[in-house]
Amino acid sequence: MLNFVWAVLAGFALGTPAVPFGLSISLAPPIALVAVLLGAAGCLLSAVFAAGWLRTRWLVRRAKRQPVTAGPPPENGRNRLDGPTGRRARRVVHRYGVVGFGIVGPALFGTWGSAMLGTALGLPRWRLIGWLMAGVTLWCTVMLLASEALIDALGLR
């Protein structure tokens, strides 16, 4: 039972890479997968709701500080999502939508990163959570199969 809790906590903190950890603490593969998915679900929910709350507060504060004017934005008015990670996330969202971002996001940006980026980009909350959970499930299953194959190939059991 304690190993299951450790795997859930690892899934919360690490996301998909916690699957080999679950296997290394002698959990059966399906149990390790369930534990990591429970932790990742907690991670996604907390990250999306916390980032959504922060985004709403930031937008309200920004609206109060900056009057609405016509014309181009000021030259120094850079968006924090203008960096390379934000540009990559925007490309994925524009090309594949929420579905593609949810499936590919955990592999490109990690569990925490994809939840935060999706929320910062203003994607619909529940669709984002659902598709990110589908992506995390896919990548955890891939990680589980790869870890099992490597354990068998190296004869570690």
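On a predicted model such as this, the values are computed, not experimentally measured, just so you know.

S.K.: Is there a simple way to explain the overall build of the protein in this structure?
M.R.: A count of helices and strands for the protein gives five helices and zero strands. In sequence order, the secondary structure elements of the protein are arranged as α-α-α-α-α. Buried residues in the protein amount to 34% of all 157 residues. Considering only intrachain contacts with a sequence separation of at least 6, the fraction spanning at least 24 residues in the protein is 72%. Surface exposure of the protein reaches about 9,700 Å², of which carbon and sulfur atoms provide 66%.

S.K.: Would you take a moment to explain the nonpolar core for this structure?
M.R.: Most often, soluble globular proteins have nonpolar side chains that are buried together. Phe101, Ala115, Leu123, Leu128, Val136 and Cys140 are the most contacted members of the largest nonpolar core, which has 32 residues in total. Every element with two or more residues in this core is listed here: α1 (2-14), α2 (18-24), α3 (29-65), α4 (84-120) and α5 (125-154). Per element, the largest residue contribution to this core is nine residues, and it comes from α3. Sequence-distant contacts of Cys140, defined by excluding residues within four places in its chain, comprise Thr16, Val19, Leu33, Val36 and Leu37.

S.K.: Any chance you could explain the packing of aromatic side chains here in plain terms?
M.R.: Within the structure shown, the criterion is met by three aromatic pairs. Centre to centre, the rings of Phe12 and Trp112 are 5.3 Å apart; their planes meet at 90°, and the pair counts as edge-to-face. One end of the pair, Phe12, is in helix α1; the other, Trp112, is in helix α4, and 100 residues separate them in sequence. Of the residues examined, Trp112 reaches a relative accessible area of 30% and is grouped as partly exposed.

S.K.: Explanation requested: the packing of α1 against α3 in the structure shown.
M.R.: Across the interface, α1 lies against α3 with an axial gap of 7 Å and an inter-helix angle of 40°. Our classification of the angle between α1 and α3 gives oblique. For the pair α1 and α3, the sense of crossing is right-handed. Listed contacts from α3 to Phe4, Ala7, Val8, Gly11 and Phe12 of α1 are Ile31, Val34, Ala35, Val36, Leu38, Gly39, Ala40, Gly42, Cys43 and Ser46. Class assignment of the residues belonging to the contact of α1 with α3 gives a composition of eleven nonpolar, four polar and no charged.

S.K.: Hey, could you run me through unusual backbone geometry in this one?
M.R.: One non-glycine residue with positive phi stands out, namely Ser26, at about 70°. Topologically, Ser26 is positioned in the loop between α2 and α3.

S.K.: In this structure, what is going on with the packing of α3 against α4? I would like to understand it.
M.R.: The relative placement of two packed helices is expressed as an angle between their axes plus a distance between the axes. Between α3 and α4, whose axes approach to 8 Å, the crossing angle comes to 30°. Regarding the angle of α3 to α4, the classification is roughly parallel. For the pair α3 and α4, the sense of crossing is right-handed. Between α3, through Ala40, Cys43, Leu44, Ser46, Ala47, Val48, Ala51, Gly52 and Arg55, and α4, the contact on the second element is made entirely by Thr111, Trp112, Ala115, Met116, Thr119 and Ala120. For the contact of α3 with α4, the per-class residue count stands at ten nonpolar, four polar and one charged.

S.K.: In this structure, what is going on with the confidence of the model for the protein? I would like to understand it.
M.R.: Low pLDDT marks stretches whose predicted atomic positions should not be read closely. Confidence in the prediction for the protein averages 87 pLDDT; 90% of positions are at 70 or higher. Within the protein, no element has a lower average pLDDT than α4, which sits at 89, and none a higher one than α5, at 94.

S.K.: Mind showing me how you'd approach α4 here?
M.R.: Structural remark: α-helix, 3.6 residues per turn; residues separated by three or four positions point the same way. The terminal C-alpha atoms of α4 lie 15 Å apart, and with 37 residues this falls more than 12% below the ideal 54 Å at 1.5 Å per residue. Just past α4, the residue Gly122 takes up positive phi, approximately 80°.

About the cut-offs
- Sequence order as written defines the numbering, with residues in each chain counted from 1.
- The model is predicted, so local features are restricted to residues of pLDDT at least 70 and side-chain atom pairs to those at 80 or more, both for listing and for counting; the totals for chains, interfaces and linings are taken over all residues.
- Each side-chain value is worked out from all heavy atoms of the structure, with water and hydrogens disregarded.
- Secondary structure elements are taken from DSSP: a helix is a run of H or I of four residues or more, a strand is a run of E of two residues or more, and numbering for both begins at the N terminus.
- Three labels apply to residues, based on accessible area from a 1.4 Å probe with only protein chains included: buried if under 20% of the type maximum, exposed if over 50%, partly exposed otherwise in between.
- Residue contacts follow a heavy-atom distance rule, with two residues in contact if any of their heavy atoms lie within 4.5 Å.
- Computed with a 1.4 Å probe, the accessible areas rest on the Shrake-Rupley method; for each residue, only the protein chains presented here act as cover.
- Note on terminology: a nonpolar core comprises buried Ala, Val, Leu, Ile, Met, Phe, Trp, Tyr and Cys residues joined through side-chain atoms within 4.5 Å.
- Pairing of aromatic side chains requires ring centres within 6.5 Å, counting the rings of Phe and Tyr and the six-membered ring of Trp. Pairs whose planes differ by under 30 degrees are stacked, by over 60 edge-to-face, and all others tilted.
- Lines fitted to the C-alpha atoms define the axes, with helices restricted to the stretch that makes contact. Angles between their N-to-C directions range from 0 to 180 degrees.
- Throughout this description, any angle smaller than 35 degrees is read as roughly parallel, any larger than 145 degrees as roughly antiparallel, any in the 65 to 115 degree range as roughly perpendicular, and the remainder as oblique.
- Working rule for handedness: look at the near helix, and if it is turned counterclockwise from the far one by less than a right angle, call the crossing left-handed; if clockwise, right-handed.
- When residue character is reported, Ala, Val, Leu, Ile, Met, Phe, Trp, Tyr, Cys and Pro are called nonpolar, Asp, Glu, Lys and Arg charged, and the others, Gly included, polar.
- On a range of 0 to 100, pLDDT expresses the predictor's confidence in each residue.
- In this analysis, the expected span of each helix is defined as 1.5 Å times one less than the number of residues it contains.

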